[in-house]
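# Analysis of the macromolecular model
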Amino acid sequence: MTPVRSRSTLLRVIVVVIAVLAIVLPILLIRFAPPLVRHHVARSAPQRVVPAAELPPVEPVAFQDLEPDDARAFNASVPFVDGPNPAARPFKLAGDALERARAIDCLASAVLYEAGDEPIGQRAVAQVVINRARHPAFPKTICGVVFQGAERATGCQFTFTCDGALVRHHWLDVQWKRARDVATAALTGAVYKPVGYATHYHTNWVVPYWQSSLDKIAAVNTHLFFRWTGWWGTPPAFNRQVSPDEPIIAQLAPYSDAHKTGTDLIAGQPVLPEGTVDQTPMPTTAAATAPTLRPLASDPNTYLITLDPRMAADEYAELALKLCGDRPYCKVMGWSDASQTATAWPLLPAQMTTMSFSYLRDLRDAAHPFDRTVWKCAEFRRADPKQCMKE
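Residues numbered from 1 in each chain as written. Predicted model: local features only at pLDDT ≥ 70, side-chain atom pairs only at ≥ 80, totals over all residues. Heavy atoms only, no water.

### A few points about the layout of surface pockets
Here the largest pocket defines a volume of roughly 750 Å³. Along the wall of the largest pocket there are 29 residues; nearest its centre are Pro139, Gly144, Gln148, Leu348 and Gln351. Counting only elements with at least two residues in the lining of the largest pocket, the list comes to helix H5 (142-146) and helix H11 (349-354). If you tally residues by element for the lining of the largest pocket, the top one is H11, at four residues. Along the lines of polarity and charge, the residues of the lining of the largest pocket split into 14 nonpolar, 11 polar and four charged. (1 Å grid on protein atoms, 1.4 Å probe; cavity = no way out; pocket = protein on both sides within 12 Å on 5 of 7 lines; lining within 4 Å. Points joined across faces, edges and corners; volume = space filled by probe spheres on them. Helix = DSSP H or I, 4+ residues; strand = E, 2+ residues; numbered from the N terminus. Nonpolar A, V, L, I, M, F, W, Y, C, P; charged D, E, K, R; others polar.)

This is the structure we're talking about:
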């Protein structure tokens, strides 16, 4: 073979190799390249200080679309607010033994499902719940605060109340006991000082949209704590009297004797120690049970109750008559869903919509007496359409 032909063959081989590499290398790079990492940037809305004359809004919990590492980096870049972080005043819950038991179990569920079986984190969560109950922007009962928005698939204030966690994950009895001990202490004067008057918190691997409108004041483990800016985050704003009229939360029935169905409220059964079997016969009629219900502390003529699903619809009317007794003016309003049961008067529009039973009596004007009982007929069929609520 001549040198010229040899060089020509070599060049052809080199060209072929280069062509193959030009095709194969991109394929290999695409096939074996590491996955692309998303890097989204957190969006901070302009901070607005809500004036004292305007009640600050309680926004639904919604998170920015960030990878955990990006969220951690963003959260680390947000400075803690300058200035003092005063500790909250001690709080002692009023009410009878049953109402306190309901509040304790609601608070215990919050600290356990939000902070896990960890006492410091639990104390911080408990303080936030109490701060909210004292603040006029939130419900005025402990259970109302914890389960605010729980009737919605999204928009609840504490995620465990609407994402099925209470059904999916069950804690050990000893863990519930520790959570109840933390809750009891918080409701009888114990204060967790580091979080001050915080009303919001989140873990450091997420960024809620509401974060930019609040002051960052503390970090406890992996949780960051915030309070409202301006006057609404100062001690004088936390001046609301917490109501002892704790609602029954049906979701807690598997964990709490105090949160069984409406029968337990109507029958006035005491909360028994764990492992104790109640031998007391259950009353079978509304007439036998009515005296154990109490009107609102703020309105002695108003009863807001959770309806016992085992009672017949007509028994609700009998119960209302027994509750009202000889009052010339009285109203009894009932909800089938315990999580919807109102705890204060006047009612909100959403509470009016979800109400299942109502009795109103007004005999103060002898010339125009009024006495009417109505049901939600989509739920309780009535022969007389006049007994149906307007929907």
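The rest of the description comes next.
### Digging into helix H10 (residues 313-324)
With 12 residues, H10 extends 18 Å between its outermost C-alpha atoms, agreeing within 8% with the 16 Å of an ideal straight helix rising 1.5 Å per residue. Among the residues of H10, those classed as buried are Ala313, Glu315, Tyr316, Ala317, Leu319, Ala320, Leu323 and Cys324. At the exit of H10 stands glycine 325, carrying a positive phi of roughly 55°. (Expected span 1.5 Å × (residues − 1). Buried < 20%, exposed > 50% of the residue type's maximum accessible area, 1.4 Å probe, protein only.)

### Some points on the sheet that holds strand S1 (residues 200-203)
Reading across from one edge, S1-S3-S2 is the order of the three strands in this open sheet, with antiparallel pairing throughout. At either margin of the open sheet sits one strand with a lone partner, and together these are S1 and strand S2 (214-220). For this sheet the average axis-to-axis angle between neighbouring strands, irrespective of direction, equals 30°. Relative to strand S3 (residues 223-228), S1 runs antiparallel, the two being bridged by four bridges. When the sheet's bridge partners are listed, histidine 200 is paired in S3 with phenylalanine 226. Seen against the sheet, helix H4 (residues 119-134) touches S1, S2 and S3 and runs at an angle of roughly 145° to S1. (Pairing = 2+ DSSP bridges. Axes fitted to C-alpha atoms, helices over the stretch in contact; angles between N-to-C directions. Contact = heavy atoms within 4.5 Å.)

### Some points on the nonpolar core
Ranked by size, the top nonpolar core spans 60 residues in total, and within it Leu107, Ile142, Phe147, Phe160, Leu187 and Phe225 carry the most contacts. For this core, the secondary-structure elements that each account for two or more residues are helix H3 (97-115), H4, H5, helix H6 (165-168), helix H7 (173-186), S2 and S3. Per element, the largest residue contribution to this core is 10 residues, and it comes from H3. The contact partners of phenylalanine 225, leaving out residues within four places of it in the chain, are Ala124, Val128, Val195, Ala198, His200, Tyr201, Asp215, Lys216, Ile217, Ala218 and Val220. With 18 residues, the next largest nonpolar core counts Tyr303, Tyr316, Ala317 and Ala320 among its residues. (Core = buried A, V, L, I, M, F, W, Y, C linked by side-chain atoms within 4.5 Å.)

### As for the side chain of glutamine 351
Tracing the sequence through the fold places glutamine 351 in helix H11. If near-sequence neighbours (up to four positions away) are discounted, glutamine 351 is found in contact with Trp335, Gln340 and Ala342.

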